[in-house]
Each structure stands twice: as C-alpha cells, then as structure tokens.
Amino acid sequence: MGNETSHRAQEPQNTGGVGRRSLLGAAVLATGAAALAAPGTAAAATRDSGGNHSGRGYRGLPVPTVIGHRGASGYRPEHTLGSYQLALDMGAHVIEAGDLVPTKDGHLVCRHEPEIGGTTDVSAHPEFAGRRTTKVIDGVSTTGWFTEDFTLAELKTLRAKERIPGNRPHNTLYDGRWEIPTFEEVLAWRAEQSRKRGREVWIYPETKHPTYFRKLGLGLEERLAKILRAHGLHRKNSPVILQSFEPTSIQRLNKLVDNPLAVLLSTANSRPADFVDLGDPRTVADLITPKGLKEIATYAQGIGPTLDLIIPKDASGKLLQPTTLVKDAHAAGLILHPYTMRNENTFLPADFKKGTDPNAYGDAFGAFKTYYATGIDGIFSDNCDTALLAREDFVNG
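Report on the accompanying structure. (Residues numbered from 1 in each chain as written. Predicted model: local features only at pLDDT ≥ 70, side-chain atom pairs only at ≥ 80, totals over all residues. Heavy atoms only, no water.)

**Section: unusual backbone geometry**
Rules: Put simply, DSSP marks the helices as runs of H or I at least four residues long and the strands as runs of E at least two long, and each gets a number from the N terminus on.
Of note, the amide linkage connecting Ala 97 to Gly 98 takes the cis form, showing an omega dihedral of -5°. Position of Gly 98 among the secondary structure elements: in the loop between strand S2 (94-95) and strand S3 (99-102). The amide bond that connects Tyr 339 to the next residue, Thr 340, takes the cis arrangement and shows omega of -20°. You can see Thr 340 is positioned in the loop between strand S12 (335-336) and helix H14 (364-372). Positive phi, close to 55°, is recorded for Arg 70, a residue that is not glycine. Its place among the elements puts Arg 70 in the loop between strand S1 (65-68) and helix H3 (81-90). Positive phi outside glycine occurs at His 209, with the angle close to 45°. Mapped onto the secondary structure, His 209 falls in the loop between strand S8 (206-207) and helix H6 (210-215).

Pasting the structure below:
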C-alpha cells in the first residue's frame, strides 16, 4: 500500500499490555443478513442494494461498503487465506486481497510490503540468512528480506506471522498456520467462495511500489492485467477494484483493463512516489482540490484517502470539522473508500479512546458513526465485524 510513509503507514507498534478483547464475530454472523440487507437512510438509502449487485458493478455495492482490510487482520495474520476467509465469513462486502508484490521469477504474491521479515518466519530459516539486506524503496531505507529476491518456490517454504504482535498478541496464536498466497490462489479462492455463496465475492487488490518494481524489470500492472484477463475478471463490472498510491500506475491499468480503479491518497503534504520519480512537484493536497479530483476522474472511479483527509485531527489527536473532500469528490463523480479503522485505542482518534491501555478497544462504534456520517461510500477496517454492526446502526438511523 504505497510507500511505508504513506498507506496505512507509520502504524504504532505499542508493546503495552493486552486489553479486553470482545470478538463480535458471532453477533455479526447472527445479524449478517440484516447488516447486508438493511434498508438505507440518508446517503445509504438510494444506493444500498443489500449485496445483490445485479450487474451494476461497483455502483451496486452496499453503501457504506465495509472492506476487510488485508482480510480480518484484527483477528488473523494479515494477507493470508485465513484472514480473507474470516472477513468474508463475518460479512465484509469486499476483501482487500491483497497487496501485490512480485517474486524473483515474476509471480505476484500478497504481502503488505516486499520486506517480509515482519510478516513471515523467514528469519528462522538459516538457508535464507544471506538474503538479508538493506534497500531504499521510495526513499525509505529498509533492512530485511524482500520478495523480489526469492523465487515463488522459496517463498512457499515460509509461513505468515502477525505483523504487530505488540498490539495484537492474540493473533500470534495463528503464526505459522498459513503460507504466503499468490494472487492466482486468491482468485481461485474467490471463485470457489462465489460458487458456494451464489454471488460474486468482491476483492480490492493494490499494486505496491509499482515504480520501484518497474525499474527492477518486474512491472506489476502488465502481470496483474494478464492474470485478470486469464480469469475473465478484467471488465467494467468485474468484482475486482484495483488501487494504488501511484496515479501513474492507475493510469497504466486504465489502459490495460476495464476494472473500476481507485487512487489512494496519503497525508496532504506527501508526494506520490511516482511524482517524486518524475519530478512532478504536486502533493496530495493538489490532488484533492476540485481541479485535482476532476483530473483523477478522467482515469479512475474512486479515491482511497486516509481518514485524516476526511476529518483532520488537532495536535492532541481530537477530531476537527470535516473537510469538503467528500462533497468535492462526489461532485467529480468519484466514490470514497477511506482507510483505516481499527478498534484499538492506539489507532482511534482521541475522542474515542477508553482507559489507559493503548491496546484495549476504545469506542470504535462512536468513531465509525462519525466517519459514516460524513457521507463516505465505504471504509477499510481491520475489524469488519465491528464495521458491519456500526453500519447497521447507521443505516437504520
């Protein structure tokens, strides 16, 4: 998801004690049908199709759409088939499966970053000790092991683990259970689940560091387009939304496939990595002006802004007044799927923190309500069960 200084980036890795955890999965499964089919009010009223998309493509998704961020990463190690499956079982409307990075031999696999020391057990494999190195990716120096230095066969000997064990020690129970999935395996899983459920399962993959990988001769967009075409998932109404933090990657995809496309947007003062590479001086602040949004709408259908672009925070972390981004994006014909809502105090606005344990759950329902009320079309969440229950409350007024 872009460079580590942008998408879902600089995520606190607190090591404080474990707070009370209350999984809402059972409640969501019991009320899942209601959450998906609830009659809408306000912005949701005219667009909530209850998940029956009827060939309308992304415009037929329930609004607000709940997107399982890297699956159900609040409860399972991210970007594993176990995480994707749980998010789907919980009722997420779309699964972010996955962040796409290449192997040495050109396969696309699902990892949050090409550096896999933090998300796999590679450090426990003595045969790969010599692969540990330092690289500069999008201006950030990172030391570890990188997917582009491994063949797919080698990566398949590794197992996934929890990325932020300090925040989510309960997820470490599942360390070692799943391998790194390829995008081909994700599509096979998607097809199987679609058959079982009698409806299309939606996914939301992202091209990661596309400029960096293109310079290595591992261009992502052509590989992704080839796979989508092979599976007949490259059309306007295909249940696959493609996203990237690099506008030129989305422009490239726009010429290769007809899928709905979304430009991800980090902090207002940041510059997309491709802009830096091309010498384009514009920042995200320029892209979210009416003029910038109108330009994005010429090659994409949506944007994925960080939540702070929807409602900024003050120096103490409390929410300020919402910006005009929702109104401006809708005026340009774009949908908005901001990121990322998480239940733990450490990730919530100060207004919704509860108690002193950074890893305990705060008032996530209050935060969801506040963000939904801005008129966003959907939201990425690590805790899609909570997001769905909050959505049900919001849609039913």
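**So, the nonpolar core**
To be explicit about the condition: Definition used in this section: a nonpolar core is a set of buried Ala, Val, Leu, Ile, Met, Phe, Trp, Tyr and Cys residues joined via side-chain atoms within 4.5 Å. For every residue, the accessible area obtained with a 1.4 Å probe (protein chains only) is divided by the maximum for its type, and the residue is called buried under 20%, exposed over 50%, and partly exposed between those limits. Contacts: residue pairs with any heavy atoms within 4.5 Å of one another.
If you look at the biggest cluster of nonpolar residues, it comprises 86 residues, and the most contacted ones within it are Phe 183, Ile 303, Met 341, Tyr 371 and Tyr 372. Broken down by element, the residue count for this core peaks at six residues, all from helix H15 (residues 384-395). What Tyr 371 contacts, discounting residues up to four positions off in sequence, is Leu 307, Ile 311, Leu 319, Met 341, Pro 349, Ile 376 and Ile 379. Grouped together as the second largest cluster of nonpolar side chains are 13 residues, Leu 61, Ile 67, Phe 245 and Leu 264 included.

**Observations regarding the packing of helix H7 (residues 220-230) against helix H8 (residues 247-256)**
For clarity, the cut-off: Lines fitted to the C-alpha atoms define the axes, with helices restricted to the stretch that makes contact. Angles between their N-to-C directions range from 0 to 180 degrees. Two helices that cross are described as forming a left-handed crossing if the nearer one is turned anticlockwise from the farther one by less than a right angle, and a right-handed crossing if clockwise. Charged residues are taken to be Asp, Glu, Lys and Arg, nonpolar residues to be Ala, Val, Leu, Ile, Met, Phe, Trp, Tyr, Cys and Pro, and polar residues to be all remaining types, Gly included.
The N-to-C vectors of H7 and H8 enclose an angle of 35°; their axes lie 10 Å apart at closest approach. Here H7 and H8 pass one another in a crossing that is right-handed. Residues Glu 221, Glu 222, Leu 224, Ala 225 and Arg 229 of H7 form the contact with H8, whose participating residues are Ser 249, Arg 252, Leu 253 and Leu 256. In the contact of H7 with H8, the residues fall into four nonpolar, one polar and four charged.

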